[in-house]
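One-letter residues, chain by chain:
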Amino acid sequence: MKYAVFFVTVLATPAFSAGFIENICVAKLGPSALCTCTQSVADAKLSVADQRTAAKMIAQPDLYYDYAESSRRSQKAFIERYDVWGAAVAETCTVKD
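Overview of the structure.

Conventions we followed
- Residues numbered from 1 in each chain as written.
- Predicted model: local features only at pLDDT ≥ 70, side-chain atom pairs only at ≥ 80, totals over all residues.
- Heavy atoms only, no water.
- Helix = DSSP H or I, 4+ residues; strand = E, 2+ residues; numbered from the N terminus.
- Axes fitted to C-alpha atoms, helices over the stretch in contact; angles between N-to-C directions.
- Parallel < 35°, antiparallel > 145°, perpendicular 65-115°, else oblique.
- Left-handed = near helix turned anticlockwise from the far one by under 90°.
- Contact = heavy atoms within 4.5 Å.
- Buried < 20%, exposed > 50% of the residue type's maximum accessible area, 1.4 Å probe, protein only.
- Arc of directions from axis to C-beta.

## Side note on the environment of Ala-18
(1) Moving on: Within the secondary structure layout, Ala-18 lies in the loop between helix H1 (2-12) and helix H2 (20-29).
(2) Moving on: Placed 22 residues apart in sequence, Ala-18 and Ser-40 show a C-alpha to C-alpha distance of 9.8 Å.

So this is what it looks like as structure tokens:
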């Protein structure tokens with residue numbers, strides 16, 4: 001019975017599902033290869049929880065400074081991961097005119 005539930009779940013899942021970062025990118029810029037690339041790098045570099053937080057930061061840029069200036073180690077650690085992701089996006093994802 002476990003396998004039947006798994007099989008139905010897999011079949012019911014859409015073949016393509018945009019992530020948190022791609023969704024916010026599309027909302028701000030419209031559909032683009034840049035948004036897709038940015039999400040791909042996020043999938044490789046950030047956990048799902050980090051992607052959710054990063055999407056909030058993209059939507060509300062002041063959160064970056066709140067986290068960067070925070071005394072909480074977890075928020076500072078997130079900023080380090082976010083910055084690594086941002087550098088990877090800058091290196092990997094290019095915008096063509």
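## Describing the packing of helix H3 (residues 33-45) against helix H6 (residues 73-92)
(1) Moving on: One way to put it is that H3 packs onto H6 with a least axis distance of 9 Å and a crossing angle of 135°. The angle between H3 and H6 places the two elements in the oblique class. Crossing of H3 against H6: the hand is right-handed. For the pair H3 and H6, contact is made by Cys-37, Thr-38, Val-41, Ala-42 and Lys-45 and by Trp-85, Ala-88, Val-89 and Thr-92, respectively.

## A few points about H2
(1) Moving on: If you check which residues of H2 are buried, you get Ile-21, Glu-22, Ile-24 and Cys-25. Taken down its axis, H2 places every buried residue within 165° of arc, on the same side.
(2) Moving on: In this fold, the buried residues of H2 make contact with H3, helix H4 (48-59) and H6.
(3) Moving on: Count one or two residues on from H2 and you reach Gly-30, which has phi positive near 90°.

None of the figures reported here should be taken as evidence of function without further support.
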